[in-house]
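The residues making up each chain are set out below.
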Amino acid sequence: MLSRHAEDLFWAGRYLERAEDTARLLDVTYHGLLEGGGSDAPMALQEVLDALHLSSAFRSRHRKVTAAAVEQFLVLDESHSSSIVAAISRARENGRNVREHLSTELWEALNTTYLDLRAEGRAEELAAHPHEFYRRVRSRCQLVAGAASETMARRDAWRFLLLGRLVERAEMTCRLLRVRAPRANGDDAHDDIHYWLVMLNAVSALESYARRFGAEITPARVLEFLVLAPDFPRSVLFCLRGIETQLGGLEGGVAAPALRRALSRIRAELEYQDVAELLDRGAVAALERTRRGIAEISERIESCYFANGPIPERHVYEAV
Amino acid sequence: MLTSDRLSYERALGFDEAVDAQCRPRPHYAALFEEMARLSAAELASRERLRDAIFQRLGITFAVYGDAGGLERTWPMDLVPRIIPAGEWAIVERGLAQRVKALNLFLDDLYTGEAAALRDGIVPRRLVLSSEGFVRAAVGIRVPHGARCLVAGIDLVRDADGTYRVLEDNLRVPSGISYVLENRAALTRVMPALSALHRIRPVHHYAASLLASLQSIAPRAVGSNPRVVVLTPGIFNSAYFEHAFLARQLGAELVEGRDLLVENHTVYARTTQGLERVDVIYRRVDDAFIDPAVFRPDSMLGVPGLMGALRAGNVGLANSLGCGVADDKAIYPYVPALIRYYLGEDAILPNVDTYLLWEDDQREAALARLDQLVIKPVAASGGYGIVIGPQATDEQLEICRKEIECDPRAWIAQELVQLSSHPTFVDGRLEPRHIDLRPFVLAGERITVIPGGLTRVALRRGSFVVNSSQGGGSKDTWVLAGPEGG
């Protein structure tokens, strides 16, 4: 498929995932604050901004970290590409650019999601019933993902869309954990159980976690689950394996060697990782290394498939 | 006046498509009126909401340049379809095929023939040479089957007698076919009972016909499955929705100029698997922008080197370059003569009576009664720049007169056609609104006419301006199958 289209689809996937993850994160943070008594509000909100790498962007627009300001900034503010509304707008704009590659049902889901989030009264709804609002974003994004999964042929358009989602999700999970990780082996780790619970909730992992480890929540197990669970669709390892599968399935065969190497390296590192060791050596550094690895994969996907530079002779299609 | 419990309709001046002079429903509209009369006001409103929701959900929109209100507007379709009986359509269909055939012969004669029509004085040579649509660089470029204008949109109107007349030819990049297909899909969903009462000729085979036509102009060496792409100026073009729609239906890539490159006079697309050869380009980019190396160097929309690939015969282009000379409004008055010249037949569909302002006596006659005529710039499309005499101010007419005297070649004047009207829902009531019709004709190995076409509606009472860029609406257009009334 056209490089430009592949790029648009990849980024549509990333933006969709970004909108969904941001909604999840804000939802659990908001309710976590309510349940936890609310005294830690500025710190929890600051953690959200840090996780999204948006602290400085936020500070250039708002003076104080308040719940209302963070919400406005991460949900409705369209002056940067990471707010929920901006991400959905861009996903839809990208979808419009590649409209002929999308099934009608997928486009409808994307377009109605966009229209729905911009309908009148959404700002009021967000203020009055934040949970309803975030739930709406989440289920809308899942509707889009479902429409893609159920109506798109397993060809490059679908694969690039999914690659975007997987890359964004893997990176987001790393970022979330990395913000929380400094507390993983501190003295008050067990007082912080509440926050690890919020974390699991944010990625819909609480139930799966409980089935695997039971109700007891420890930082080490949460880390293990969200990074290394081979069977949970939002764990980092699961996403990486998905990325490998999708790249392998692209028409024209296996990905470029450099991309494949980068991917195998980071996946192997995780697969042979021992959690106790990970905590000993410093979870922050390990997560940061993984996050950088994922960012590198994203860059290599871009240079390998989207760059419009000269292309090797052997790829030229010959007339028959 | 037609009345029933819930429905009343008062016809306007001129020809009404649905009722006769005594305001009785024409036979092929009888079922429609009955069905409409059964709709309560609330039911009608709910169906209009359903229609708007369908178009919104699908994102069926168009852009209006210079409109601050937003990038996209939802497509306006009236719930009352236009109905054309089979017998009436048979004549229109033959007339359209005849006209497009002759126009393509004319184009082939100009660009790869001996310009016989000019030599024999059918069309004045200077009109062709001074036409903005005449592309010198295209002389000598051959097109298989002579399908130079592969997709034509011929605008028809019906005069006060109900005679179909050609108002203008659109031979460059005519748009609107996607709305024909989407109107049909939407109306069938919103008014299923009404659709079921009629035997309507389908339109959804358009994409298959278009693909066959496009593949028929591929370079011969390519073989049986040529790669077709749709070339769009991009997302900011007013017809972008249609470009994406067609690409999707054709199963073709929707490319922009920057996605293509030319090497060794061969066109390639930049893909995730490297460069892949392109065999046929269905372009929706104007001539002047198509190859910045030959035409406008500032164009970002085209493909440098495309002309070389065309000359080498390595790629097919539809519509081919230079079709604009044949839809130049100054050439339009000569089309009936061209039909006679190339086909030896009389034109089945007459033109609208037109003054040739570059002929002294006709100019004098026209200037004497400008306030009764329609004055059109020869090179514009989309309804831009048109002056309607009876509705213009003295000042506007004076400006118009000066411009004509200054450059008579740049204008034509036509008799004002009292466009036919059609019942149209306006605020929940049926009112007459003026309409036209743009049928679509495909050339290639053979000529294909799509049944019906895009009916455009002037939504303001009494207005004759139907262009969607100027606030026009649309109607689904039904051509009935089989014998009339059947």
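How each quantity is defined
- Residues numbered from 1 in each chain as written.
- Chains lettered and ligands numbered in written order.
- Predicted model: local features only at pLDDT ≥ 70, side-chain atom pairs only at ≥ 80, totals over all residues.
- Helix = DSSP H or I, 4+ residues; strand = E, 2+ residues; numbered from the N terminus.
- Rg over C-alpha atoms; globule rule 2.2 N^0.38 Å.
- Buried ≥ 20, exposed ≤ 12 C-beta atoms within 10 Å, placed from the backbone.
- Contact = placed C-beta atoms within 7 Å.
- Pairing = 2+ DSSP bridges.
- Axes fitted to C-alpha atoms, helices over the stretch in contact; angles between N-to-C directions.
- Domains from an automatic or database assignment.
- Nonpolar A, V, L, I, M, F, W, Y, C, P; charged D, E, K, R; others polar.
- Expected span 1.5 Å × (residues − 1).

## Considerations on the overall build of chain B
- Within chain B, the regular secondary structure consists of 14 helices and 24 strands.
- Taken against the 2.2 N^0.38 rule, which gives 23 Å for 486 residues, the C-alpha radius of gyration of chain B at 23 Å falls within 12% of a compact globule.
- When the backbone C-alpha atoms are referred to their principal axes, chain B occupies close to 70 × 60 × 45 Å.
- Going through the 486 residues of chain B one by one, you find that 50% of them count as buried.
- Long-range pairs, those at least 24 residues apart, make up 70% of the contacts in chain B with a sequence separation of at least 6.

## Quick word on the overall build of chain A
- Helix and strand counts for chain A stand at 16 helices and 0 strands.
- Whereas a compact globule of 320 residues would reach a radius of gyration of roughly 20 Å, chain A reaches 20 Å, a difference of no more than 12%.
- Overall, the C-alpha framework of chain A stretches about 70 × 50 × 40 Å when taken along its three principal axes.
- Each of the 320 residues in chain A was classed as buried or not, and the buried ones make up 45%.
- When contacts within chain A are restricted to residue pairs at least 6 apart in sequence, long-range pairs at least 24 apart make up 71% of them.

## Quick word on helix 9 (residues 240–250) of chain B
Residues and elements named next belong to chain B.
- Of all 11 residues that make up helix 9, 10 are buried, and the element is covered over most of its length.
- Along helix 9, the residues that are buried comprise Tyr240, Phe241, Glu242, His243, Ala244, Phe245, Leu246, Ala247, Arg248 and Leu250.
- Residue Gly251 follows helix 9 closely and has a positive phi angle near 70 degrees.

## Focus: the environment of Leu166 of chain A
All names here are of chain A.
- In this structure, Leu166 sits in helix 9 (residues 156–180).
- C-beta crowding within 10 Å serves as the criterion here: with 25 such atoms nearby, Leu166 is assigned to the buried category.
- Leu166 has contacts with Cys239, Gly242 and Ile243, leaving out every residue within four places of it along the chain.

## Section: the sheet that holds strand 10 (residues 260–263) of chain B
Residue and element names in this part refer to chain B.
- Taking strand neighbours across the sheet as the criterion, the 3 strands line up as 10-11-12 in an open arrangement whose pairing is antiparallel. Of all the strands in the sheet, the pair left with one neighbour each is strand 10 and strand 12 (274–277). Here the average twist between neighbouring strands, direction ignored, is 40 degrees.
- Bridge analysis of strand 10 against strand 11 (residues 266–271) gives 4 bridges, and the strand direction is antiparallel. Among the inter-strand pairings, Leu261 is bridged to a residue of strand 11, identified as Tyr268.

## Details of the domain arrangement of chain A
Residues and elements named next belong to chain A.
- When cut into domains, chain A gives domain 1 (1–152) and domain 2 (190–308).
- Each of domain 1 and domain 2 has a C-alpha centre, and these two points are 22 Å apart.
- Between domain 1 and domain 2, the residue contacts involve 10 residues of the former and 9 residues of the latter.
- Split by residue class, the side of domain 1 that touches domain 2 holds 4 nonpolar, 4 polar and 2 charged.

## A look at the interface of chain B and chain A
- Between chain B and chain A, the contact holds 24 residues from the first and 27 residues from the second.
- Of all the secondary structure elements, the ones that give two or more residues to the side of chain B that touches chain A are helix 2 (41–58), helix 9, strand 9 (253–255), strand 11 and strand 12 of chain B.
- By residue number, the principal contributor to the side of chain B that touches chain A is strand 12 of chain B, which donates 4 residues.

## Looking at the sheet that holds strand 17 (residues 387–388) of chain B
Residues and elements named next belong to chain B.
- One open sheet accounts for 4 strands, arranged 15-18-16-17; its pairing is antiparallel. The sheet terminates laterally at strand 15 (354–355) and strand 17, the two strands that pair on one side only.
- Here strand 16 (residues 373–377) runs beside strand 18 (residues 411–415); their pairing, made up of 5 bridges, is antiparallel. The residue of strand 18 that forms the bridge with Ile375 is Ala413.

## Examining helix 2 of chain B
- Its 18 residues give helix 2 of chain B an end-to-end C-alpha distance of 26 Å, which sits within 8% of 26 Å, the value for a rise of 1.5 Å per residue.
- As for helix 2 of chain B, its buried residues are in contact with helix 6 (104–117) of chain A together with strand 5 (77–84) and helix 6 (177–190) of chain B.
- Phi turns positive, to about 70 degrees, at Gly59 of chain B, one or two residues after helix 2 of chain B.

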